[in-house]
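Below are the chains, spelled out letter by letter.
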Amino acid sequence: MLHLAEGLRLPTNGLDYTILGIYFAVVLGIGFAARRSVKTSLDFFLSGRSLPAWITGLAFVAANLGATEILGMAANGAQYGVYTVHWYWIGAIPAMVFLGLVMMPFYYGSKVRSVPEFLLHRFGPSSHLLSSVIFAVSSVLIAGVNLYALALVLKALLGWELWVSIVVAGFFVLAYITLGGLSSAIYTEVLQFFVILAALIPLTVVGLKRVGGWDGITDTLSGRNGDAFMTAWDGTGIGSANPLGANWLTIVLGLGFVMSFGYWTTNFAEVQRALSAKNLSAAQRTPLIAAFPKILIPAVVVIPGLIALVMEPTLGKHKDGLQYNDAIPVLMRDLLPNGVLGVAVTGLLAAFMAGMAANISSFNTVFTNDIYAAYLKKDRPDEHYVATARWVTVVGVLVGMGTAFIASSFSNIMNYLQTLFSFFNVPLFVVFIIGMFWKKTTPAAGFWGLLTGTVGAMVNYFWFYKQGIVDIPSDQGANFVSSIVAFVVGSVVMVVVTLFTKPKPAEQLAGLVYGTRSPGEPELPEKGDDAWYRKPALLGWGAVVLAALCYIPFSF
Amino acid sequence: MSDKSNTPAAAQAAKDVEELERRSQTAARLFDVRRIIGGLFVVYGVIVTLAGVFASDEDLKKAQDININLWTGIGMLILGLAFLLWLRLSPTIPPPDAGQEKEER
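Only a predicted model underlies this, so the values are computations on that prediction, with no experimental measurement involved.

> Any chance you could break down the pattern of salt bridges for me, citing the residues and the numbers?
Opposite charge on two side chains makes pairing possible when the charged atoms of those side chains draw close. With the rule as written, the count across this model stands at eight salt bridges over all chains. A salt bridge links Glu189 of chain A to Arg273 of chain A; the shortest N-O distance between them is 2.8 Å. Here Arg273 of chain A lies in helix H12 (residues 268-275) and Glu189 of chain A lies in helix H9 (residues 162-210), a separation of 84 residues in the sequence. Residue classification places Arg273 of chain A among the buried residues on the basis of a relative accessible area of 0%. The closest approach of N and O atoms between Glu19 of chain B and Arg22 of chain B, which form a salt bridge, is 3.4 Å. On the criterion of helical spacing, the pair formed by Glu19 of chain B and Arg22 of chain B is a turn pair, its members being three residues apart in helix H1 (residues 6-23). According to the relative accessible area criterion, Glu19 of chain B is partly exposed, its value standing at 35%.

> How would you sum up the interface of chain B and chain A? Please name residues and give values.
Contacts between the two partners involve 47 residues from chain B, matched on the other side by 63 residues from chain A. When chain B packs against chain A, close to 4,700 Å² is buried across both sides, 71% of that on carbon and sulfur atoms. It is Arg29, Tyr44 and Lys62 of chain B that lose the most area in chain B upon contact with chain A, and together they represent 13% of the buried surface on that side. Put simply, chain B and chain A have two salt bridges between them. For Glu21 of chain B, the salt bridge identified is with Arg49 of chain A, shortest N-O distance 3.1 Å. Between the two partners, chain B and chain A, sit ten residue pairs in polar contact (both at pLDDT 80 or more). Broken down by secondary-structure element, the contributors of at least two residues to the side of chain B that touches chain A are H1, helix H2 (26-29), helix H3 (33-53), helix H4 (57-62) and helix H5 (68-89) of chain B.

Cut-offs used in this document
- Residues numbered from 1 in each chain as written.
- Chains lettered and ligands numbered in written order.
- Predicted model: local features only at pLDDT ≥ 70, side-chain atom pairs only at ≥ 80, totals over all residues.
- Heavy atoms only, no water.
- Salt bridge = Lys/Arg side-chain N within 4 Å of Asp/Glu carboxyl O.
- Helix = DSSP H or I, 4+ residues; strand = E, 2+ residues; numbered from the N terminus.
- Buried < 20%, exposed > 50% of the residue type's maximum accessible area, 1.4 Å probe, protein only.
- Contact = heavy atoms within 4.5 Å.
- Buried area = accessible area lost by both parts, 1.4 Å probe.
- Polar contact = N/O pair within 3.5 Å; in protein donor to acceptor, adjacent residues only side chain to side chain.

Scope: geometric values only; no functional claims are made or implied.
Here it is as structure tokens:
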């Protein structure tokens, strides 16, 4: 949870508030203008599967570039140094490329409308319902946590009361999602992406000048925090100590494989953006186009974290002083004049709202499509589901706002919840990866793998770790062990259950399992999609190579 | 609940999506986001550039003697105009409606 220090009040003036006000007006305008495009439930949930790749790609990266991510990764930069780049180059890029090149043909080709719906096709109703319920509950609670974090930040930066921020931000998200569905969520995410960059780039430029450029940072921090602080891999040998508390093996397997693949490939709030693309080629390119900005984002997030540490050597050292999470707000306060400061405040607020909107728009899809229409009220006319989805959005935002208010009195509980959800994706990933690559996996195995994996992670976290039965040094370490537990328990259970239950007949698995093809005519490529720069393989491998090259200056 | 009943449900879902995709109006009626990005960034660009033109000494000192409002404003203005230019050069092509498609076949 974000807690900003007192005394971070920004010197905003009327100019800054004008910039913020214009943004709110535009966002509302997008909602009203997108409304006329919503004719069917598919328009509301997936923009009618009709958006071009550059829009879905930028929305894909923006849905992840929430304010908690921006402030949190700058904080990691100040706390762990250059190690933070692992969250990007190994902890995101390989998984994004895998999603685009390997998994997207199954997702998009099977015409599913959500990640749980894929489980309906591959396994059956029981795992479908289980994952839908887990997802619906967790996304609404995460929306509430996001809203609470936003309120805390705005209170520190602008002096707004908590309830004002919660009500105002909640209302705007409610308005534009209810009106325009996923289209308005995606459009505001694309807008937010550019606004936040227009804030972070000037911040980094001015900050670099203040501390004497990259050389200034390196000299100061190498001297103060040791040489390893400014490198990616020094001190990550097994058994040696480093600020991150992880070795190269746990970085590669834990962060780079289990956690990152779980998040990027099965988190519906992300995958939904790709499913709204206009054809298979565009869907594949969605995470691949997103990978390129993702590679470069550390330059405007991690570097400001380092700059803040140079400027404020006491950052994170005293309990009641400035915290690591304050890194970017401190730079905003000390370096940005009115004008750009307004852009920065708008960017942060936009990032919070977009993060919440991504949770809400994926929640209303899963609740309406995978729970309501699939099990509660079947076979109603499509208009009924569009209306339901709008009401579900209202209820989702209100529950999120309620969660945010409760969170303000139980802030520790929200911490646990957030951590808990961070590894809910791992059991889902196990079920996906085994189900996609092992044709024999049975429907029962899907259900039990998902259930035991989730329960295993919870048992590890709440019982073994919180009760102190197993000694794990940090929360970060506990998350990692929970993910491993979820992964191992889920896969073992799936293999065992598969051996004793009946698989689905092969003809029902066409287009759902590796090595098979969707029935019917293959989709014809659209004109222009055969251009070399639109080849998914080239984009994907290009991103992997670029991420690897980025490591070079920080490795030797 | 039994997993045996899933085949019709899954097949029905896929069929529903095809039907909905035919009736979808997003492609035909959703406005182009380039217009919004372009418009907003031109407005922001003008505001922030003006703040840079009339920057006080205090503002300049705070931003380490870089007229950051001026540069950011110009950058935003260029980005906004670039999006509007892109929209102008390759406007959205409305998809052929169902009737035309039949004739072509």
